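If you want the building blocks of each chain, they are given just below.
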Amino acid sequence: MAKAHILGFPRIGAQRELKFAQEAFWRGEIDEISLQDIGRDLRARHWATQKAAGLDYVSVGDFAWYDQVLSTLALLGALPRRFGFDDKALGLADYYLAARGDATHFAMEMTKWFDTNYHYLVPEWTSETSFAGGVNWLLDEVYEAQALGYPVKVSLIGPLSLLHLGKIKHGLQHKLELLHKILPAYQQILAALRKSGVTWVQIDEPILALDLDQQWKNAFLPSYRALSMDAPQLLLATYFETVQEHIELLHTLPVAGVHLDLVRAPQQLAHFLTNWPAGRVLSAGVIDGRNIWRADLPALLPPLQTAQRQLGDALWVASSCSLLHVPVDLNGEQQLDTETRSWLAFATQKLDEIVALTTALNGNADAVAAQFDAARAAQLGRRNSARIHNPLVQKRMAELALTEPHRRSPFAERSHCQQKRFALPVFPTTTIGSFPQTSAIRQARAACKRGTMTHLDYLQTMRDEIRVVVEAQLALDIDVLVHGEPERNDMVEYFGEQLWGYGFTQHGWVQSYGSRCVKPPFIYGDVYRPEAMTLSWSCFAQSLTDRPVKGMLTGPVTMLQWSFVRDDQPRATTALQIALALHDEVQDLEQAGIGMIQIDEPALREGLPLKARDWPAYLEWAVRAFKLCAAGVSDETQIHTHMCYAEFNDILPWIAAMDADVITIETSRSDMELLDGFGEFSYPNQIGPGVYDIHSPRVPPVSEMQNLLQKARKVVPDAQLWVNPDCGLKTRNWPETMAALANMVSAAKLLRASVQDEMHVDCC
Ligand code: GLN
Ligand code: ZN
């Protein structure tokens, strides 16, 4: 019999219960016991859902109090030494300290999990890193599931992926130097799991989807020989890309099964089936763990049947990856119309899809015939729906194919005009856009949505807030202002709500990092802007001051990357449609006298395909889409962009090709390391490397920001250097924000004073 399983279930809860519990714990409103209770309830509920759907195993090990990588470190006893924790007696407060930092500790660095919008905490590897064993949380969770009577499959991040995802801090030449230390720790965990009666461990090695060098590839066989000695049966899970180049390796590894992502790379199945070792489980990830479209069950069945004829009982049907990346339950949605609803499947519905396929494979097609029919009808309905096709957009897209978008003059000329217009001091200060989103702001937005606040009252409330933000920036003496984005719940949703072709959910939350969740819209049809989206807010803000206030837009790649994207046309096509809408918005802003316009592209780097061979194609359309937004504006209009959380060095030529006049980036957490590439490459335009980390409540002293600026000056010429935080301030509170920005402005002014003479000579 074929088996049904998933690689993981969302941990946050359909109502974001985990988020609210974590945050209450951080505020000291609930204690550790209460938080533990909420976590336990969530796990039990999620297992019950999986069992009720008919999965053969419930997934244990996919729960984490903040992040699965951090939890794996806690399990191994490998949290950074600098925190001074007692690894075996780690409490949740310690765990959160590592994630969030405090007045005396930097938080661990955070970065994107492969090409998703999930962020993990980056392990810190040093020659002193040890893996002497940590907390027993995983075993406790196994016992919980067993006590509830569920068949358990444990999921665990594999040792090679864990090592690979970490960062060497000091004392090591290569991360694999830690392999001989980490393997015994995994062996102990696996032995303990086996002793506790666990029969299957899904061990995730997603790095197999990357371009791996030989040293890493060579490490797999000896590692898995060592791991399989005293362990439950191991299902080696790969996802997010094809692993076809590792076919030999995956055929020979001493594991009981291998999982393949057949949504991203369906063609690899046939190749893997050739010479597939008899009796070894092949887990076919056919249900999309990264998108919310309902599966075409009738189309998915035949290839599975082919596989089944060869594999027999060794075929498992699965989600392509963990369902962490999709919302929990479509049934929570009350406001979707029936047509749109029929096109979608969230995590809970995906369980049913997996079980339906498995049931059909196991000879009970009749039992799921209705499900198959409904899936077929939904596919057809979506393809033919009038809501998907917009002739106006199609026409502009056809015209676009004939032109190359660009600014009027090269940067050198533009920057001259802009300096004349804005007369900014050297090291101009600015912020990234959002200011603290107070509960008053959130309440007003919610009330307006509910209809309990009139539209006009809402406008007044937001304008009052914008005035507060502008006045605060003037009081701080910041040079280039922002309006603070109070009207935006989320930088993508806000725009999506004003564009045709975008759909929304009420509760479609997905974890982004820690307690932070996002509610990505979904793009189902041609994207079109029926009217201006930001104009009145920007104009109001600009009317309050003579200093420039940046117009603030979310760029096309980010709009795409942080949405669930239609799967019936190339991503590039959708990106250009969004860019057309943004182009029109930029034009409107410019005509209204907004002199600086920031087009945020924080997701540009994360959109990069995992395999380098696919980069040029992606970057080409991504850059084209950005340039289309800014195309045609006058030389005096300054275009900014902002990117965060990412390493850029390998794509600098493309970032330069975007030709933004100013780019602000996150650099403080990496101690300006991220900036080195900009210096080596001689990035031609202006740069604002973030001088303080906005993810932490910590207020850095002036001297610290000065140090960072001095580091930045080593690689960025003074005339190109801006001063700003790492990212938007929406998650911070006002006192922290004012204190940190005051220090930032002081740091910039001190620097100005110290280089004044030099600069004076330069200018004349
Ligand atoms: N302008 C946005 C803000 O300040 C940018 C956010 C981001 O980069 N993620 O919130
Ligand atoms: Zn950012």
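Residues numbered from 1 in each chain as written. Chains lettered and ligands numbered in written order. Predicted model: local features only at pLDDT ≥ 70, side-chain atom pairs only at ≥ 80, totals over all residues. Heavy atoms only, no water.

Caption draft 1: Inspection of the site of ligand 1 at higher detail. Near ligand 1 there are 13 residues, and of these S434, E485, D600, H642 and G728 occur at the shortest range. In the environment of ligand 1, an oxygen atom lies 2.7 Å from a nitrogen or oxygen atom belonging to the side chain of S434. Separating a nitrogen atom of ligand 1 from a side-chain N or O atom of E485 is a distance of 2.8 Å. Calculation on ligand 1 without its partners gives an accessible area of 300 Å², and the protein chains cover 94% of this total. (Near = heavy atom within 4 Å. Polar contact = N/O pair within 3.5 Å; in protein donor to acceptor, adjacent residues only side chain to side chain. Areas by Shrake-Rupley, 256 points an atom, 1.4 Å probe, with all protein chains shown as cover.)

Caption draft 2: Focus on helix α4 (residues 92-100). Taken together, the buried positions of α4 are L92, Y95, Y96, L97, A98 and A99. The inward-facing, buried residues of α4 contact α1 (17-26), α2 (32-53), α3 (68-76), β4 (119-121) and α5 (137-147). (Buried < 20%, exposed > 50% of the residue type's maximum accessible area, 1.4 Å probe, protein only. Helix = DSSP H or I, 4+ residues; strand = E, 2+ residues; numbered from the N terminus. Contact = heavy atoms within 4.5 Å.)

Caption draft 3: Structural context of the coordination of the zinc ion (ligand 2). Around the zinc ion (ligand 2), the protein contributes the donor atoms H642 (NE2), C644 (SG) and C727 (SG), at 2.0 to 2.4 Å from the metal centre. Geometry at the zinc ion (ligand 2) is tetrahedral, judged from the 4 donor atoms that bind it and their angles of 89 to 123 degrees at the metal. Each donor residue of the zinc ion (ligand 2) belongs to the same chain, and together they define the spacing H-x1-C-x82-C. Of this pair, H642 sits in strand β19 (residues 638-643) while C727 sits in the loop between α26 (702-715) and α27 (734-763); the two residues are 85 residues apart in sequence, bridging distant segments of the chain. On the basis of relative accessibility, which here comes to 2%, the residue H642 falls in the buried class. (Donors = N, O, S within 2.8 Å, 3.2 Å for Na, K, Ca; no water. Tetrahedral: all angles 85-135°; square planar, octahedral: opposite > 155°, others 65-115°.)

Caption draft 4: Seen up close, unusual backbone geometry. Backbone geometry places F427, a non-glycine residue, at a positive phi of 50 degrees. As for its placement among the helices and strands, F427 is situated in the loop between α16 (411-422) and α17 (439-450). By relative accessible area, F427 is classed as buried at 0%.

Caption draft 5: The sheet that holds strand β20 (residues 662-665), seen in detail. Spatially, the 5 strands line up as an open sheet ordered β17-β18-β19-β20-β21, and their pairing is parallel. Edge positions in the sheet fall to β17 (551-554) and β21 (686-689), since each of these pairs with one other strand and no more. Adjacent strand axes in the sheet meet at a mean angle of 20 degrees when their direction is disregarded. With 4 bridges connecting them, β20 and β21 associate as parallel partners. Bridging across to β21, V662 finds its partner in Q686. Against the sheet, helix α22 (residues 571-591) touches β17 and β18 (596-600), its axis set at about 180 degrees to β17. The strands that helix α23 (residues 615-630) touches are β18 and β19; relative to β19, the one it contacts most, it runs at about 145 degrees. (Pairing = 2+ DSSP bridges. Axes fitted to C-alpha atoms, helices over the stretch in contact; angles between N-to-C directions.)

Caption draft 6: Quick look at the side chain of Q542. Secondary-structure assignment places Q542 in helix α20 (residues 535-543). The exposure class of Q542 is buried, given its relative accessible area of 18%. At 3.2 Å, the side chain of Q542 and the backbone oxygen of T545 are in polar contact. Filtering out sequence-adjacent residues up to four positions away, Q542 remains in contact with R547, P548, V549 and I594.

Caption draft 7: Structural view of the packing of α3 against α4. Between α3 and α4, the shortest axis-to-axis distance is 11 Å and the interhelical angle comes to 130 degrees. As far as their axial angle goes, α4 and α3 are oblique. Regarding α3 and α4, the two cross each other, and that crossing is right-handed. Between α3 and α4, the residues in contact are L70, S71 and A74 and Y95, A98 and A99, respectively. Across the contact of α3 with α4, the residue classes tally to 5 nonpolar, 1 polar and no charged. (Parallel < 35°, antiparallel > 145°, perpendicular 65-115°, else oblique. Left-handed = near helix turned anticlockwise from the far one by under 90°. Nonpolar A, V, L, I, M, F, W, Y, C, P; charged D, E, K, R; others polar.)

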